[in-house]
Structures are given as structure tokens and as C-alpha cells.
Amino acid sequence: MEIMITKRDGRVEPLSVEKTKRMIAFACLGLDACDPLELEMDSKLQFVDGMTTKQIQKILVQTAIEKVIQKTDDGFGNQVNRMNQDWQFVAARLFLFDLYKEAAINRQYKAFGYGNFPNLVHTLVEKEKYARFFVDAYTPEELQELGNYIQPKRDYLFNYEGIKLLADRYLVKGYDKEIFELPQERFMAIAMHLALVEGDKKVTFAKKFYDLMSQLKMTTATPTLANAGTPFHQLSSCFISGVDDNLWSIYDVNAKFSRVSKHGGALGIYLGKVRALHSDIRGFKNSSGGVIPWTRLYNDTAVAVDQLGKRKGGATVTLDVWHKDFYEFVELRTNNGDDRRKAHDIFPALSIPNIFMERLERRQPFTLFDPHEILMVKGWALEDFYDDGDQKEFTKRYIECEKDPNIHGTEVMALDMMKKIMRSAVETGTPFIFFRDTVNAANPNKHAGMIYASNLCHEIAQNVGFTKLLDETVNEETGELITRTATGDMVTCNLNSINLGKITDEELEENIALQIRMLDNVITINQAPVPESRMTSDKYRAIGLGTSGYHHYLVKHAIQWETDEHIATADRLFENIAYAAIKASMELAKEKGAYPAFKGSEWETGAYFIRRGYTSPRWQQLAADVKQYGIRNGYLLAIAPTGSTSNIANTTAGIDPIFKKFFVEEKKGSITPKTAPDLDNTTFWLYKEAHTINQQWSIKACATRQRHIDQAQSFNLYITPTMKAKEILDLYMEAYKQGVKTIYYIRNQSLEMDECTSCSS
């Protein structure tokens, strides 16, 4: 009796075992360590009447991925794990074949693989999945030229996890989530969108941008990967906004947060100006509820307004460590205490001045204040000042507040406060740490503002402002309500990352020049969800070029993490990255003009280069060129976590060491073995897992890189349950002393952290 199977298009036909064999052989082609016959046997395919081809494909994919890590006998009766990374690529190809078939059915073409690209563009424009500029700005001939330039074989660079993630989250689909766009077409669509502003050179630059992305030599930010080319193209990852001490500002920022989150962004919120618990309101004593109720408000918005329907909204709230609400704030995410005063979906961060760390080291008292009381008594806001070298303006004013009898501070021991911070960090991974004086002293745009807080992933360090309500009037003739505001800086971070695991040192400068151009184009074409963010973006043209694949890079160069060679390599590598980035932005300024706030910046004065000890001839020449021609982007470098996008690019995340050399992830009834990139007998001993690394080496490497990074780094510390409190305290102290700007998670070996996908780049 003949076995009949159901194809994807609904047709029923007799089973052809030979077709299945050919497909398996094709998936294993060129991967000599993967035997097609072995996959056939191990899949234990039991063909039954009525079985679908999709079911067959799913069984084969799962079998291939399960073969990445297998138990085997070592010859002495012991069961050990044997790894074969190539099976990840076999599984990826089988998964891709599935995508190809689905796309062919939905797009109604017969070929296996990619169809007609211009037809796809027109189809998706008609379905309002692509924006009209694809057919308005590109001629039919240009669409065909770019379609011909697509390289389908680059799909084979993906491992299974990468291609599945890209397909599940980022490929443009139809109304019922049916497949239309294929991986290389997503890259080309992004490239074409980012090249729009290049005028007559748009096709040339679209090809260059496509090559970078499709060869996985860079990663784009999650919103860019998801939204580029679509009708609402919000391409920025994170935003940062300051809250003033009034109801209008509190709710204004909440409204901005909802709009940002709706379109896939996360928000950093500075709450340090808001008066403390039991402060007065309009002269009524003990009236204020402090910052906790407003933090809960932002928490509820994060849950209610998710990011593109993919995950709940993400926000970090930053408070100064000297704020009287410190003790409640630092335990926002812990499970002890009154749950009505908790905010489990918000990520708390502390803004820490030098004086706190100095007193902590000396085991001295520290005073907590109400910012509103200081403003009323002194006429100035303490949070508006910072220390810069010998100019210790914040410290001077802080001590002045301690001595003023009209200010009712609360004296506590700095060490007791730090114990609270560490207890929360061990339990929840937070609060994040923002060393405010270190950040502001290094700010190249201090002439134009101040940095009060960072973004959710704590790699962005840009001027933050406060929007103020001027007045609301009614136009009696039209019945329109007109609201006038004085706009403050609302930070927008636009991210890309160099995939250090995939490029050579010789490619670095060209790679960076193209990425700086891409990011600058993001600013021009971006559809900002909030007008203030558009204005700030135009003012500074700030970008955040980062790196992924840092640990991958070290391993490929046979460099161990806990060595002086690592530190020297980090210094050389990131100096070269900084040089290439600044030079590329200067060249763009020649072509398109400097950012509007350039005049008076440390880029113009040369203080940026002096502060970092850039004295070699090449740096002196570059400083002179920047002074003459300007620089296109007021902020340039920021190292994001790149959690999801590094998986797509098959490399390690951000600047982090690997979490595990290999492990098995169980999710929704399936198991997915994962290994460190390029893991084999040679690299196995070079990869050291994060929780086994002496964190002092990680701090030293972070500080070395920081000299060359104008913004900050998403820097995690890895601890184990056996570490003593004194050891953890020493890590915080060393990070501060070494000049690290921010600390993201404290990653306890026993905790799982909630990653932010917005900053994946």
C-alpha cells in the first residue's frame, strides 16, 4: 500500500523517500563531519499515511540539533559529551529549506530558494508591510540590480539558533504571520532604507551596507532589524528622559514612555529631582509620597504597553544615592517588605558621586537629603553639579548642605548603605550603578548640558534635559487647546555593533566608516515616537557604535582572558576602533556638516584628545582635522549587550565572556544544544566561563577599553553564591577606582536575568 503525504500547498502525493534523502544530503553538503546516513538513521522517521512534509522537516531539524552534543563512551566505560558544531549548520539549512518552501507558496513562484525581489517589494508595499519609498525612490532597474546582488548562499552562515531567531522575530510576514521575506531580503531591505539619503550613490551604498550585514560582520539594533523598511520605521533602541519635581512632568514622561515602548524602545528615567517621602507639598508638611508611587506608575506602563507585542516594556529608573528614599528604592525588586511599595518590572539604578565612594572606603557616615528641601533652602539643585578633576563642585555643595542647619539630612553609615546595595544585587542583579562624576568629567559635550542617568542597558552617556510646561491656552475661535513647553534633551540611542568575531583587523577601518555612515543615516530617516527625541537627535546626531564577539575575538587570537596580553590587546584594539570612528565621523562632517552643538565641545577645543592622552602624530593630526572640519556625531561609541543579535551573528555577546562553553536549552517542549562559537579541541581551553573568571581581570579590561569609549559599556560582574560580601565590595570599589563608568547586572550564578532586547545591536 502506497503511503500518501500532504504537501505545504495542500496537495496529496505518494511519499518519495528519495526526495527526503536528497534533501538531507544537500543539508550536509560540505560539512564533512556530518554524515547524511547518520541523520537518516537517528531521526527514526516513521512515515505514516497522511503525514505532512512539514512534520517530516521538523523531525529532521530536531534530530540534527540534538546531535550537536551527544553522550558517548570514552573507551573506559565513562559517558562523556561529544560535540560536533557542524550539526547546528545542518539544522539551520533544513530550517531554511522550510522557509524557502513557505515563501515560494505564499509568493507564488516555483523556484526553490529566492524569488523575484522587485515583485516581493511591490507585494509588500501593497500589503503595507513595506513603506512606499522603496518604489518611489528606487527605479525598477535599481530594484532589479539590487535583487540580483542578493547572495542566497550567505544564508548558510547562520547556525540554527541564529536563523530561527531571525525568522521568528524579524522577517516581515503577512497578516497571519505567513512567510514572505527571506533572510537576505531582510538585510537588503534594511540596507536600501539606510542608503536612501545617499542620493545618486544610494545603490552603491545599499550594496556596501548589505555586504556588511549579510556576511554577519556587523549587527544592527533590534528596532532597526525589525522596523527598517516598514511604514513606521522607529529605528532607535533606547531613550532617556528627566523628570522634574511636579505632576505635569511625571505624567508627561509616562506618556512619552508609552509611545516609546509601543514602537519597540526602552526608556531610561531620571527621578532624582522628585521630592522625598514626607516632604512638603505647597507648604503642607509630610505630604509627599516620595518616588516609589511614581516608579510604580512607570512599572505599570511597562507591563501595559509592550514592545511591538514581543515583550513587556523596559525601563530603568535612576535615583541619586543621597536621596532620602534610597532605602526603599534600592529594594524595589526584592521579595521582602510591603509589596505595595515594590516595582518588580522596573530596573532600579543608582547615581553615585565620588564622595560616596570615598566615604565608603574610609568607612565614614554619609548624609541623605530631600532634593526639594535643598532647592527651597539653597536656591539651587544639588543634582545639577558634578566633580571634574580638581573642580569638586558637587562635593563642595554636598558638604555645604551637611553643615546647613536649615537642611534636615539623615546621617547613615556609607557601609550600611552599600550592604543594602549588595544584598539587592545578589538577590535581583540590580541596582545598576552609574558613577555620575566619572561620566560627566569625560563628557565631550559638557558645554551643552549634563548627564544625569543612563539607559536601560547602561551603555549610553549623553546629555539629559527636563521638558517644562510653559502654558496652556485655548484658542476661542477654533476651540483648540495649545500647550507650550520648553524642551529639554531627550536622549535617543542609535546602535550598531562591529562583529569582532567575524572580521580581521585589516577590515576594521572600512567596516567602521560604513557603520558610522549607516548610523548617521538612521538619525536622518528615523521616525521618532516623541518630538523631543527628534530635536535632541538632530542637535547632537548621537550614535552608539559598539562591538559584539569580544570573547570570540580573543579566542580566535589565542588570547586568554586572565592575562596581561588580554589587557594590552584591549588597549590596542579599542584605540584603533576609537581612531577609526572619530576619523570617519570627521570625514562625514566634511561631506555633510558637523553636528549643531559642536561649537564649544571638547571635540572642538581638543580637550577630548588631551584628556585621553592621545599624543601620537596620527592623533594630533586627527585632533587638528576635527577642529577644522568638525565631527558629524556628538557621541560615537557605546558598547551594548547585543544579546539576541549576537546569536543571529553566531558570536559572543557584547564585551562579555561566555556564560557556558556548551549547554542544552529547554524551551516549549524542545531542546536546543548551544556551544560557544568556533568551539573545538583548539579553542576549548581558551574559552573560560564567566563565573570562573577572576572579576578583577574583567574590571581591568573594562577600564582599559573605557579610555577609548566616549560613552559607556554594558558591563556585567559575575559572582557566585560562595563569594563573600567583602569580595563583592572590593569589585565595586575597584571598578570605581579604575574609572569604569557604569555597572549593568551583578550576575549571580544562581539567578536568571531578564535581558533587554532593545539594545541588542
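These numbers were taken from a predicted model, which means no experiment stands behind them.

Quick notes on the rules
- Residues numbered from 1 in each chain as written.
- Predicted model: local features only at pLDDT ≥ 70, side-chain atom pairs only at ≥ 80, totals over all residues.
- Heavy atoms only, no water.
- Salt bridge = Lys/Arg side-chain N within 4 Å of Asp/Glu carboxyl O.
- Helix = DSSP H or I, 4+ residues; strand = E, 2+ residues; numbered from the N terminus.
- Buried < 20%, exposed > 50% of the residue type's maximum accessible area, 1.4 Å probe, protein only.
- Core = buried A, V, L, I, M, F, W, Y, C linked by side-chain atoms within 4.5 Å.
- Domains from an automatic or database assignment.
- Contact = heavy atoms within 4.5 Å.
- Phe/Tyr/Trp six-rings, centres within 6.5 Å; stacked < 30°, edge-to-face > 60°.
- Lys NZ or Arg CZ within 6 Å of the ring centre and 35° of its normal.

Asker: Break down the pattern of salt bridges for me, citing the residues and quoting the values.
Answerer: Side chains that carry opposite charge are capable of pairing whenever their charged atoms lie near each other. Evaluated as defined, the whole model comprises 56 salt bridges. Its salt-bridge partner being E402, residue R359 comes within 2.7 Å of it at the nearest N-O pair. Of the two residues, R359 sits in helix α15 (residues 354–361) while E402 sits in helix α17 (residues 393–403), which places them 43 residues apart along the sequence. Residue E402 is classed as partly exposed on the basis of its relative accessible area of 27%. Note that E575 is salt-bridged to R618, the shortest N-O span being 3.7 Å. Remark: R618 occurs in helix α26 (residues 617–629) and E575 occurs in helix α23 (residues 564–592); sequence separation between them is 43 residues. Taking the relative accessible area as the measure of exposure, R618 reaches 31% and is therefore partly exposed. In this structure, a network of salt bridges that share partners links the residues K7, R11, E13 and K19.

Asker: Can you tell me about the nonpolar core, naming the residues and giving the values?
Answerer: Ranked by size, the top nonpolar core spans 120 residues in total, and within it Y298, F356, F366, I582, W603 and Y732 carry the most contacts. Both domains that furnish three or more residues to this core are identified here as domain 2 (238–486) and domain 3 (494–715). The contact partners of I582, leaving out residues within four places of it in the chain, are W603, Y608, F609, W619, L622, V626, I631 and L636. Counting residues in hydrophobic clusters, the runner-up holds 85 residues, among them M51, L171, A228 and I525.

Asker: Any details on the packing of aromatic side chains? Residues and values, ideally.
Answerer: Any two aromatic rings considered together are summarised by their centre-to-centre distance and by the angle between their planes. All chains considered together, the criterion is met by 39 aromatic pairs. Ring geometry for F394 and Y398: centres 6.0 Å apart, planes at 25°, overall stacked. Taken as a pair, F394 and Y398 lie in helix α17 at a separation of four residues, close to a single helical turn. Overall, Y398 belongs to the buried group, its relative accessible area being 0%. Here the aromatic rings of Y452 and F466 are separated by 5.0 Å at their centres, their planes lie at 80°, and the arrangement is edge-to-face. Residue Y452 is located in the loop between α19 (436–441) and β15 (468–475), and its partner F466 is located in the loop between α19 and β15; the two are separated by 14 residues in the primary sequence. Given a relative accessible area of 8%, Y452 falls into the buried group. Judged by relative accessible area, which is 12%, F466 ranks as buried. Ring pairing ties together the aromatic residues Y579, W603, Y608, F609, Y614 and W619, which thus form one cluster. Directly above the ring of F347 sits R333, whose terminal nitrogen or CZ lies 4.4 Å from the centroid. Here the guanidinium or amino end of R618 rests over the ring plane of Y579, the centre of that ring lying 4.3 Å away.

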